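Take a look at the letters that make up each chain.
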Amino acid sequence: MEDLKPLFPELNLSRPIIIAGPCSVESEEQVMKTAKELSSNGIRIFRGGIWKPRTSPGGFEGIGEIGLPWLKKVKEETGMLISTEVANKAHVELALNAGVDMVWIGARTSANPFAVQEVADALKESGKDIAVLVKNPVNPDLELWIGAMKRIYNAGIRRIGAIHRGFSTYGKHLYRNMPQWHIPIELQRRYPSLPIFCDPSHITGKRELISSVAQQALDMNFDGLIIESHCDPDSAWSDKNQQITPEVLNVILNTLVVRDETSTTENLTSLRQQIDRINDELLELLAKRMRITCEIGQYKKEHKMPVIQQNRYNDLMERLVKNGEELGMSEDFIKNILAAIHEESVRQQLEIVNGKNKK
Ligand code: PEP
Ligand code: MN
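First, a word on scope: everything that follows refers to the structure included in this document. (Residues numbered from 1 in each chain as written. Chains lettered and ligands numbered in written order. Predicted model: local features only at pLDDT ≥ 70, side-chain atom pairs only at ≥ 80, totals over all residues. Heavy atoms only, no water.)

## Some details on the nonpolar core
Note the following rule: Side-chain atoms within 4.5 Å link the members of a nonpolar core, which is a set of buried Ala, Val, Leu, Ile, Met, Phe, Trp, Tyr and Cys residues. Burial here depends on accessible area, computed with a 1.4 Å probe over protein chains only, as a share of the maximum for the residue type. Under 20% is buried, over 50% is exposed, and the range in between is partly exposed. Secondary structure follows DSSP: runs of H or I at least 4 residues long count as helices, runs of E at least 2 residues long count as strands, and numbering of each begins at the N terminus. Contacts: residue pairs with any heavy atoms within 4.5 Å of one another.
Counting residues in each nonpolar core, the largest one holds 72 residues, and the members touching the most others are I152, L187 and L225. Ranked by residue count, the leading element in this core is helix α6 (residues 142–154), at 7 residues. Apart from residues lying up to four places away in sequence, L225 is in contact with I17, I18, I19, F197, C198, A214, A217, L218, L253 and L256. Among the nonpolar cores identified, the runner-up in size contains 14 residues, and F8, L11, I19 and I163 belong to it.

## Some remarks on the packing of aromatic side chains
Selection rule: Two aromatic rings, drawn from Phe, Tyr or Trp (for Trp, its six-membered ring), form a pair once their centres lie within 6.5 Å of each other, and the interplanar angle then sorts them: stacked below 30 degrees, edge-to-face above 60, tilted otherwise.
Counting across every chain of the model gives 2 aromatic pairs. Measuring from ring centre to ring centre gives 5.1 Å for F60 and W237, while their planes differ by 90°; the resulting arrangement is edge-to-face. Pair noted here: F60 is in the loop between β2 (45–47) and α2 (68–78) and W237 is in the loop between β8 (224–228) and α10 (246–255), with a separation of 177 residues, a long-range link. On the numbers, 5.8 Å between centres and 85° between planes, the contact of W181 with F222 is edge-to-face. Of the two residues, W181 is situated in the loop between β6 (160–164) and α7 (182–190) and F222 in the loop between α9 (210–219) and β8; the sequence distance between them amounts to 41 residues. Residue classification places F222 among the buried residues on the basis of a relative accessible area of 0%.

## Focus: the coordination of the manganese ion (ligand 2)
For the record, the criterion: Counted as donors are N, O and S atoms no farther than 2.8 Å from the metal, or 3.2 Å for Na, K and Ca; water is not among the atoms, and sites may therefore look incomplete.
Only C23 (SG), H202 (NE2), E228 (OE) and D239 (OD) from the protein coordinate the manganese ion (ligand 2), and they sit 2.1 to 2.4 Å from it. As a motif over one chain, the donors of the manganese ion (ligand 2) read C-x178-H-x25-E-x10-D. Of the two residues, H202 sits in helix α8 (residues 200–204) while D239 sits in the loop between β8 and α10, which places them 37 residues apart along the sequence. The same class applies to H202 as to D239, namely buried.

## Remarks on a nonpolar patch on the surface
Applied cut-off: Patch criteria: residues need more than 30% relative accessible area and no salt bridge. Like-charged residues are merged within 9 Å; nonpolar side chains of Val, Leu, Ile, Met, Phe, Trp and Tyr are merged within 5 Å. Computed with the Shrake-Rupley method and a 1.4 Å probe, the accessible areas treat only the protein chains shown as cover for residues. We define a salt bridge as a side-chain nitrogen of Lys or Arg found within 4 Å of a carboxyl oxygen belonging to Asp or Glu.
Residues L327, M329, F333 and I337 make up a contiguous nonpolar surface patch of roughly 370 Å² in combined accessible area. For F333, the position within the fold is in helix α13 (residues 331–353).

Geometric descriptors of this kind do not, in isolation, establish any biological role.
As structure tokens, this is what we get:
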């Protein structure tokens with residue numbers, strides 16, 4: 001993917017490129033009101049989901065093709081470029097006929113090579129030059145993400161971009177989808193000319209966290225942001241907790257700091273921010289480990305087993321020291337870390353066995 005072309009040559013855009021609009025197209029009124037407000041705040045690219053892949057059946061699955069003329073009207077009346085999600089051949093044909101300027105492939109679709117290939121074939125058949133953004137697959141698999149983009153590339157499309165929207169996880173977390181920043185960073189390293197967008201709406205799942213994740217993305221030199229914006233977020237038919245009004249979006253965009261990518265101190269800032277991120281992830285992992293430890297503690301209590309089982313600890317230490325050395329870390333370092341983690345696990349298990357910890 002070396003000879004990529006500018007995504008939106010018709011617009012003279014500076015970094016970051018902003019794409020905004022509702023999660024779902026709901027009505028002509030909702031679409032036009034949102035688009036006009038966004039446009040008057042200087043947004044040039046409108047998004048709106050016409051077909052919605054939902055995790056569970058029974059939810060709102062998108063307004064369908066009757067919404068396409070509304071997107072077309074947005075383009076005619078505001079001059080904004082219009083975009084929507086496609087997942088199959090019929091979507092591509094209908095979207096292209098409606099004059100859509102950019103399509104994106106959703107996270108559930110990019111995890112499925114058959115579906116991506118169908119979209120790629122339909123794009124090729126249309127012979128149209130269109131921009132295509134590919135969201136990361138729901139699972140943290142960089143090769144699958146790259147594979148999806150290559151299918152689009154092999155169909156002759158040269159206006160390709162990636163969208164980082166975080167990765168699914170199980171259980172309760174701060175974010176709806178974990179950012180796992182090292183994955184998009186590795187993508188940038190491998191494909192420096194591939195434009196990359198961040199979708200803080202789907203990463204956070206919460207309005208209040210959008211601005212901090214958007215800033216983190218800019219600090220990591222992302223090229224743009226795709227943010228869900230709705231004229232009345234509380235009554236949105238999908239993803240209402242993560243949608244913001246065009247007015248709030250404007251405030252957020254005005255407070256974001258766009259850094260000069262060439263300055264060396266900024267490089268340091270970006271590296272430090274990566275360290276901060278990794279530290280947060282380490283903390284989350286440790287907390288997760290402690291929760292499992294507590295479950296084991298409960299089991300040991302119920303089965304009257306001793307808390308400390310030396311053989312298990314020795315095996316674990318031996319394996320991690322070996323793996324750690326292969327990764328370039330010293331034996332002492334691994335032993336110290338493991339000892340600290342183990343000590344805290346034992347302390348928590350003892351509390352459970354002695355009835356102090358009710359977890
Ligand atoms: C969307 O953009 O509304 C959407 C469905 O996102 P994702 O594919 O990232 O879940
Ligand atoms: Mn959404």
